[in-house]
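Okay, here's what each chain looks like letter by letter:
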Amino acid sequence: MSKFELNSMTLEELKNYMVSIGEKSYRGEQVFTYFNRHKNLELDSLNQLPKELKIKIKEKAKVNTIEIYKRFDSKIDSTKKYLFLLEDKNIIESVFMQYKHGNSVCISTQVGCKMGCMFCASTKEGLIRNLTPAEMLNQVYMIEKDTNETISNIVLMGSGEPLDNYDNVLKFINIIHDEKGHNLSLRNITLSTCGVVPKIYDLAKENLPITLSISLHSPFDDERSKIMPIARRYSLEELMRACKFYGDSTNRRLTFEYTLIENVNDGEKELNELSRLLKGINAHVNLIPLNPIEEYKEERPNREHIERFQKGLLKRNIPATIRREMGSDISASCGQLRRSITDKE
Ligand code: SAH
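Cut-off values and rules
Per-chain numbering applies: the sequence of each chain, read as written, is numbered from 1 onward. Side-chain atom pairs in this predicted model are given and counted only at pLDDT of 80 or more, local residue features only at pLDDT of at least 70, and totals for whole chains, interfaces and linings cover all residues. Only hydrogens and water are set aside; all other atoms, that is, all heavy atoms of the structure, feed into the side-chain values. Where helices and strands are cited, they refer to DSSP runs of H or I of at least four residues and of E of at least two residues respectively, numbered from the N terminus. Atoms counted for the radius of gyration: C-alpha only. Globule rule: 2.2 Å times the number of residues to the power 0.38. Think of it in three bands: with a 1.4 Å probe and only protein chains considered, a residue is buried below 20% of the maximum accessible area for its type, exposed above 50%, and partly exposed in between. Here a residue-residue contact requires only that any non-hydrogen atoms of the pair lie within 4.5 Å. The nearness test applies per residue and asks whether one of its heavy atoms lies within 4 Å of the molecule or strand. Any pair of nitrogen or oxygen atoms within 3.5 Å is treated as a polar contact; in protein, a donor-acceptor pairing is required on top of that, and neighbouring residues in sequence qualify only through side-chain atoms on both sides. Reported accessibility uses the Shrake-Rupley method at a 1.4 Å probe radius. Residues are deemed covered only where the shown protein chains occlude them. In these notes, a set of buried Ala, Val, Leu, Ile, Met, Phe, Trp, Tyr and Cys residues joined through side-chain atoms within 4.5 Å is what counts as a nonpolar core. Start and end positions for the domains come from either an automated domain assignment or a database one. Using a 1.4 Å probe, buried area is obtained as the accessible area two parts lose upon being combined, added over both of them. For salt bridges, the criterion is a side-chain nitrogen of Lys or Arg within 4 Å of an Asp or Glu carboxyl oxygen. Only C-alpha atoms enter the line fits that serve as axes; for helices the fit covers just the stretch in contact. Angles between N-to-C directions range over 0 to 180 degrees. Should an angle fall under 35 degrees it is taken as roughly parallel, and over 145 as roughly antiparallel, whereas 65 to 115 is taken as roughly perpendicular and any remaining angle as oblique. Residue polarity is assigned by list, with Asp, Glu, Lys and Arg as charged and Ala, Val, Leu, Ile, Met, Phe, Trp, Tyr, Cys and Pro as nonpolar; anything else, Gly included, falls into the polar class. For two strands to be treated as a pair, DSSP must find no fewer than two bridges joining them.

A. Here's a closer look at the overall build of the chain. Summing up its helical and strand segments, the chain has 12 helices and 14 strands in all. Compactness check: the chain gives a C-alpha radius of gyration of 21 Å against a globular reference of 20 Å for 345 residues, within 12% of the reference. In terms of principal-axis extent, the alpha carbons of the chain reach across some 70 × 45 × 40 Å. For the chain, with 345 residues in total, the buried portion stands at 56%. Counting contacts in the chain only where the partners sit at least 6 residues apart, residues at least 24 apart contribute 66% of the total.

B. Seen up close, the site of the ligand. Near the ligand lie 17 residues; those nearest to it are Phe119, Ser192, Ser215, His217 and Asn291. Between the ligand and glutamate 161 there is a distance of 3.1 Å, counted from a nitrogen atom to a side-chain nitrogen or oxygen. In this structure, serine 215 approaches the ligand through a side-chain N or O atom, which is 2.6 Å from an oxygen atom. Taken by itself the ligand offers 530 Å² of open surface, and the protein chains cover 96% of this. Sorting the residues of the shell around the ligand by element identifies strand S10 (189–193) and strand S12 (254–260) as the ones contributing at least two each.

C. Summary view of the nonpolar core. With 98 residues, the main nonpolar core has Leu6, Ile154, Phe172 and Phe256 as its most contacted residues. Ranked by the residues each element gives to this core, the list is headed by helix H5 (residues 166–177), at seven residues. Residue-level mapping places this core at the junction of two domains, with at least three residues from each of domain 1 (4–62) and domain 2 (67–344). Aside from chain neighbours lying at most four places away, what touches leucine 6 is Leu14, Tyr17, Phe35, Leu43, Ile57, Ala61, Lys62 and Val63.

D. How the structure looks around the domain arrangement of the chain. On domain assignment, one finds that the chain holds domain 1 (4–62) and domain 2 (67–344). Distance from the C-alpha centre of domain 1 to the C-alpha centre of domain 2: 33 Å. Listed per partner, the contact involves 16 residues of domain 1 and 17 residues of domain 2. Between domain 1 and domain 2, the buried area comes to about 1400 Å², and carbon and sulfur atoms account for 50% of it. When the area that domain 1 buries against domain 2 is broken down by residue, the three leading residues are Ser8, Asn36 and Lys39, summing to 36%. Joining domain 1 to domain 2, the criterion identifies four salt bridges. Between glutamate 87 and lysine 62 there is a salt bridge, with its nearest N and O atoms 2.7 Å apart. Along the contact surface separating domain 1 from domain 2 lie 10 residue pairs in polar contact (both at pLDDT 80 or more).

E. Focus on the packing of helix H6 (residues 197–206) against helix H9 (residues 236–250). Relative to each other, H6 and H9 sit at 5 degrees, their axes nearing to 9 Å. With respect to their mutual orientation, H6 and H9 come out roughly parallel. Every residue of H9 that contacts H6 at Val197, Ile200, Tyr201, Leu203, Ala204 and Lys205 is listed here: Glu238, Leu239, Arg241, Ala242, Phe245, Tyr246, Ser249 and Thr250. Classifying every residue of the contact of H6 with H9 by side-chain character gives nine nonpolar, two polar and three charged.

F. Structural detail: the pattern of salt bridges. Scanning the model with the defined rule gives 20 salt bridges in all. Across the pair glutamate 23 and lysine 56 runs a salt bridge, and its minimum N-O distance is 3.5 Å. In this pair, glutamate 23 sits in the loop between helix H1 (11–20) and helix H2 (26–36) while lysine 56 sits in helix H3 (residues 51–60), placing the two residues 33 residues apart along the sequence. Relative accessible area serves as the criterion here: at 23%, glutamate 23 is assigned to the partly exposed category. The partner of lysine 199 in a salt bridge is aspartate 202, and the shortest N-O contact between them spans 4.0 Å. Pair noted here: lysine 199 and aspartate 202 are both in helix H6, with a separation of three residues, about one helical turn. In this structure lysine 199 comes out as partly exposed when scored by relative accessible area, which is 28%. Among the charged side chains, a salt-bridge network with shared partners connects Arg71, Asp73 and Asp146.

G. Up close: the sheet that holds strand S9 (residues 153–156). Pairing is mixed in the open sheet, where 10 strands are placed in the order S3-S4-S5-S6-S9-S10-S11-S12-S13-S14. Only two strands of the sheet have a single neighbouring strand rather than two, namely strand S3 (67–73) and strand S14 (320–322). Geometrically, the sheet is characterised by an average inter-axis angle of 20 degrees between neighbouring strands, direction not taken into account. Note: S9 against S10, three bridges, orientation parallel. Paired with isoleucine 154 across the bridge in S10 is isoleucine 189. In the packing of helix H11 (residues 303–315) onto the sheet, contacts are made with S12, strand S13 (283–289) and S14, and the angle to S14 comes to roughly 165 degrees.

H. Representation of the environment of alanine 231. Mapping alanine 231 onto the fold places it in helix H8 (residues 230–233). Through-space distance from the C-alpha of alanine 231 to that of serine 122 is 18 Å; in sequence the pair is 109 residues apart. Residues within four places of alanine 231 in sequence aside, it is in contact with Arg224 and Ser225.

This is the structure:
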């Protein structure tokens, strides 16, 4: 039988676990703060814990670790991109970015992805597996230790579809937010999804003040279906109804990501339809210039055109920003970095 991961457990689970093996529940809290506040994963060095208890725990449980495989440092800003090696030798990527408002990391939630978006490098080999809560936490903690910085913002926007790994992602959020651990504000967490409608309702019902970000990329069902297979499952009407429900139940502004692809989704008709679609929703549009990948032979519009599209949204009273490209010299994003390595090695 494979051992379960101690550092994938919430505080409550760890306390219950200790009680279930005949220990006092405060032992669970000691282990939890050791992992999540002190970012220490060496159970043997946790001196508060009696030796016999450690032996007992290690019979059935283990501590997940990941290691830095490669790090790429930008020369134009302080962005760092990481490739991490998991215990089973899979590789995932994460990004560290510094902004005026604090330090942010973009983390992966799956190895690979099954959503199949045409322009995305993460999905080209399908889904390999879900990441555990500990593997998500470890991306944050390893980057904090490596940079000697504290992370205040997390975006679940790396490889994978977070809502396709729902339970583990929710556990990750619960753990990183716990005041006995990292104590990271829920308001500083953004979850990005291609639009898995039933899971958006589930998430709304959790009533967490995190920011939900929807990868929209087109306001037309037929056009969206051509670039995002999920659009064949859930129509824009269903998606927007779920978004409205999310906004109404959490009182949070939603973000809509819109990757601009030249002559595909960057015209006047998209602007008009977008403003119709987003009417009545507290929304913000984040425009992302396409990062071209080999399998998808399209380009990004030029800068002037991108700015024109943004102005078009602003004129229609839709708040819109253009995604600043951090660490553009170390290129690659959205699974491209991992891919450039796994292809070679
Ligand atoms: N599966 C989630 C999160 C991961 S993708 C989602 O779909 O939202 C994070 C964002 O990057 C999404 O908006 C995605 O559409 C976008 N993206 C992926 N590949 C891209 C590329 N090559 N160029 C620009 N944006 C890309």
